[in-house]
Each structure stands twice: as C-alpha cells, then as structure tokens.
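Descriptive analysis of the structure
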Amino acid sequence: MKPDLFQAPDYYNLDDLLTEEHKLIREAARDWVKRDVSPIIEEYAQKAEFPKQIIGGLAEIGAFGPYIPEEYGGAGLDQISYGLIMQEIERGDSGVRSTASVQSSLVMYPIYTYGNEAQRKKYLPKLASGEWMGCFGLTEPNHGSNPSGMETKFKDMGDHYLLNGAKMWISNAPFAQVAVVWAKNEEGRIHGLIVERGMEGFSTPETHNKWSLRASSTGELIFDNVKVPKENLLPNKSGLGAPLGCLDSARYGIAWGAIGAAMDCYDTALRYSKEREQFGKPIGQFQLQQKKLAEMITEITKAQLLAWRLGVLKNNGKATSAQISMAKRNNVDMAIHIAREARQMLGGMGITGEYSIMRHMMNLESVITYEGTHDIHLLITGFDVTGLNAFK
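Just so we're clear, the structure is a prediction, and the values are computed from it rather than from any experiment. Every chain's residues receive numbers from 1 upward, in the order its sequence appears when written. Thresholds applied to this predicted model are a pLDDT of at least 70 for local features of residues and 80 or more for the giving and counting of side-chain atom pairs; totals over whole chains, interfaces and linings are not thresholded and use all residues. Based on all heavy atoms of the structure, the side-chain values leave hydrogens and waters out of the count.

Some words on the UniProt feature "domain: Acyl-CoA dehydrogenase/oxidase N-terminal" (unreviewed entry) in the protein chain
- UniProt positions are given in the numbering used here, feature names are shortened, and annotations may be inferred rather than shown by experiment. Within the UniProt annotation, "domain: Acyl-CoA dehydrogenase/oxidase N-terminal" (unreviewed entry) is assigned to residues 19-131.
- For helices the rule is a DSSP run of H or I covering at least 4 residues; for strands it is a run of E covering at least 2, with both sets numbered from the N terminus onward. As annotated, residues 19-131 has a helix share of 73% and a strand share of 0%, and its two end C-alpha atoms lie 31 Å apart.

As structure tokens, then:
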C-alpha cells in the first residue's frame with residue numbers, strides 16, 4: 001500500500017470560516033483515516049468485506065452521533081463538525097462513511113428525536129460507543145423512491161406488535177444489533193419500531209456481488225411474524241415525515257462526504273500530473289490536463305461553500321429539506337464527475353487498486369442513488385421553486 005500523502009485543497013481559504021474546534025475535529029478524523037483506513041481499505045474493497053476492526057476508531061473520533069448530547073453518549077458537537085467528520089471519512093471510503101452516516105442519522109437521530117427517555121438511555125450510549133451497531137429499514141423490494149407505498153406492516157396483538165415484511169439495500173444490516181424499521185399500522189399510518197437482533201422471525205441476509213460500496217456491509221431485513229414489544233415503538237412522531245426527517249440528516253452528511261471523495265480524486269490526479277512524464281514533460285503541463293484540474297478545484301470550492309452555508313443554516317435550525325436535497329445532488333454529481341476525469345488523467349493506472357480513484361468512482365455510483373436518487377432530488381428542487389408537484 002502506498003503511503004497516504006493526501007493534502008486537502010482549500011482554494012478560497014475556507015478554513016477562516018471554521019472555529020479552532022472544527023479544525024481540531026477535522027484533523028483528528030483525517031489522521032485516523034490516514035492511519036487506520038487508507039492502509040487497509042483497498043484490500044477490504046477487493047475482498048468485498050467491511051473492516052469491523054475500525055468500529056472502535058469511528059467511535060473515538062466522534063463519528064457516531066456527533067451532534068447527540070453528551071448525556072446520551074454523543075459528542076454534543078454542531079452540524080459543521082458532523083459534516084467535517086463525514087468529509088474526512090468519505091475521503092477514505094464512501095462505504096465507511098455510509099456505516100457512520102447510518103449509525104448517526106438513521107438510527108441514533110430517530111431514537112433521540114422521536115424516542116422517549118427510556119429508549120434514549122437504553123440505546124444511544126451503546127450506539128455512540130460502537131458497542132452496538134444499527135441499521136435503518138425503509139427501502140423495500142418494490143418501493144424505493146416511493147416509500148409511502150411500503151408493504152411492511154404491524155398489527156396490535158394486545159401485549160405486543162406483530163411485524164411482517166421485508167426491507168432491502170440496508171447498510172450495516174448483516175451485523176447490526178438494532179434496526180429502526182418503518183412500517184404501517186392497521187390504519188395505514190407509518191411508525192418507527194426498534195427491532196433487536198435475536199427477536200424470533202427476524203433475519204438479515206447479506207447482499208453479495210456488489211460492484212460498489214464493496215467495503216460496506218449491505219443486506220436485507222426480513223420480518224416473519226416478529227413479536228416487537230410495545231415499548232419499542234417510537235412515540236414522538238409518525239407519518240412519512242418521520243423517516244424523511246432522518247433522511248434529511250443523512251443527506252446533509254452525504255453533501256459533506258462527497259466533497260471528501262472528490263478531494264481525494266483531485267489530490268491524486270494533481271500529484272500524478274506533476275510526476276508522470278510524457279513527450280518529455282509532466283502531463284500537468286499540457287493544456288487539457290490543466291483544464292481538468294482547474295475545473296475540479298473550481299467545483300470542489302463551490303461544493304465546499306454550499307456545504308458550509310448549509311451547515312450554518314442547520315446550526316440555526318433554518319435549513320429546509322429542499323436546500324439539503326440541492327446540496328446532496330450537486331455535491332455527489334460533482335464528485336462522480338471529478339472521479340471520472342481523474343481516472344482518465346491516470347490512464348491505465350487509474351483502474352488499478354494502487355490508486356483510490358476507481359474505488360471512489362464505483363462507490364459514488366451508489367451514493368448518487370441512495371438517500372434519494374439524482375433525479376428525485378432534481379424534482380424536489382423543481383417542486384420547491386415552482387410550487388408544482390411533479391410527483392403526482
């Protein structure tokens with residue numbers, strides 16, 4: 001494995017917008033990625049295996065529920081800190097960032113926001129420490145972009161609920177101890193249920209043969225007459241808005257994370273362009289290569305500004321779902337374009353595991369689809385600016 005020589009681009013001196021605490025948090029995450037992720041991630045991606053030994057390190061850098069209050073095991077940080085941690089982790093690998101995003105935004109966030117005090121105290125400290133890992137069950141075999149059509153249902157059996165259905169494309173599912181599952185009651189109202197591994201009738205088969213997010217563990221959630229205790233229902237919010245609120249938090253993290261993947265591809269291509277010689281000079285001296293690099297740093301800088309401003313809005317409780325959609329869509333699209341351009345700059349070397357670019361490119365093919373597809377986010381923005389609903 002080549003040494004991790006990554007240097008983060010900051011063309012507009014955006015560090016001036018960050019506090020000293022922000023920079024310390026980012027550096028701790030960056031150092032951890034260089035030490036514990038970069039040396040092993042290509043091997044694990046080739047093996048299509050999640051490196052479970054890094055879970056403790058993710059917890060130590062505050063990647064699990066960074067904005068959850070300290071009384072529940074979180075770090076009590078602000079939203080920009082959360083974004084910076086996601087940026088640094090995805091600079092290492094999108095699949096590792098997915099693991100942290102799911103734990104934070106799709107498991108800990110709904111338990112903290114929609115759960116009661118007993119649920120918070122039971123689950124959040126163990127999730128924050130990485131002792132327990134969680135997953136989020138919304139997407140189904142027949143319902144992706146239209147989660148309101150979900151078929152997973154639960155019935156009130158008096159002293160418990162009976163849960164039946166299936167979810168798919170679930171990050172962390174094969175090894176998670178806890179699943180936050182969204183299902184319809186007998187009246188068709190969507191509620192969140194906390195399902196624990198070991199409940200009879202609950203299984204989590206792993207998804208194989210992925211060409212993307214290979215170092216992330218993906219699976220299904222199968223519910224066959226699972227008896228869920230009534231105290232496991234999330235009481236403080238129901239309806240489709242509840243899981244969508246979780247997705248807002250996850251999409252925000254992705255908007256930052258994608259910048260990390262883009263920065264890694266840019267940094268790799270920039271360094272290579274200065275070292276690789278053709279026709280008697282470095283390829284970085286040729287106009288077309290400079291065009292690619294200039295466009296990359298321009299788009300990264302724009303994405304950094306977009307994410308930072310969104311973080312300020314999030315901290316002030318003013319960020320809208322549509323604003324989050326715009327940032328997720330723009331920044332992931334930016335990253336996947338940069339990965340493709342960087343791959344071309346490296347020629348044949350760009351497809352090998354000696355460099356990170358091809359792995360980033362494959363990972364981003366999933367990131368551009370999950371938590372709302374590229375096209376769905378476009379329509380969310382269109383609906384927001386016109387007031388006319390293209391989904392109906």
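Quick notes on the packing of aromatic side chains
- Only rings of Phe, Tyr and Trp enter the pairing, Trp through its six-membered ring, and a pair is recorded when the two centres are within 6.5 Å. The plane angle decides the type: under 30 degrees is stacked, over 60 is edge-to-face, the rest tilted. One pass over the full model with this rule turns up 14 aromatic pairs.
- Ring centres of Phe50 and Phe175 lie 5.3 Å apart, and the angle between their planes is 15°; on these two criteria the pair is classed as stacked. Separated by 125 residues along the polypeptide, Phe50 in the loop between α1 (20-47) and α2 (55-60) and Phe175 in the loop between β3 (160-171) and β4 (178-184) bring together distant segments of the chain. With respect to burial, Phe50 and Phe175 carry one shared label: buried.
- Relative to Tyr355, the ring of Tyr272 has its centre 5.9 Å away and its plane inclined at 90°; by these criteria the two rings are edge-to-face. Think of it in three bands: residues with accessible area under 20% of the maximum for their type are buried, residues over 50% are exposed, and the middle band is partly exposed, with areas taken using a 1.4 Å probe on protein chains only.

A word on the domain arrangement of the protein chain
- Reported domain spans reflect what an automatic or database domain assignment gives. What the domain assignment reports for the protein chain is domain 1 (14-129), domain 2 (134-238) and domain 3 (241-386).
- Each of domain 2 and domain 3 has a C-alpha centre, and the two are 30 Å apart.
- Salt bridge, as used here, is a side-chain nitrogen of Lys or Arg placed within 4 Å of a carboxyl oxygen of Asp or Glu. On the surface where domain 2 and domain 3 come into contact, there are zero salt bridges.
- Throughout this description, a polar contact denotes any pair of N or O atoms lying within 3.5 Å of each other; where both atoms belong to protein, one of them has to be capable of donating a hydrogen while the other can accept it, and for residues adjacent in sequence the pair is counted only when both atoms sit in side chains. Seen at the junction of domain 2 and domain 3, the total is four residue pairs in polar contact (both at pLDDT 80 or more).
- Of the residues contributing to the side of domain 2 that touches domain 3, the split by class is five nonpolar, three polar and two charged. Three classes are used: nonpolar for Ala, Val, Leu, Ile, Met, Phe, Trp, Tyr, Cys and Pro, charged for Asp, Glu, Lys and Arg, and polar for all others, with Gly counted as polar.

Quick look at the packing of helix α4 (residues 94-114) against helix α5 (residues 117-129)
- Geometry is summarised by axes, namely lines fitted to C-alpha atoms with helices restricted to the contacting stretch, and by angles between N-to-C directions that run from 0 to 180 degrees. Their axes nearest at 9 Å, the elements α4 and α5 cross at an angle of 160°. What the angle tells us is that α4 and α5 run roughly antiparallel. Of the two elements, α4 crosses α5, and the hand of that crossing is left-handed. Packed against α4, whose contacting residues are Gln103, Val107, Met108, Ile111 and Tyr112, the element α5 presents Gln119, Arg120, Tyr123, Leu124, Leu127 and Ala128 at the interface.
- Among the residues making up the contact of α4 with α5, the classes are represented as eight nonpolar, two polar and one charged. Angular relationships are summarised with four words: roughly parallel below 35 degrees, roughly antiparallel beyond 145, roughly perpendicular across 65 to 115, and oblique for the angles in between. Throughout, a crossing is termed right-handed when the near helix is turned clockwise from the far one, and left-handed when it is turned anticlockwise from it by less than a right angle. For this analysis, residues touch if any pair of their heavy atoms sits within 4.5 Å.

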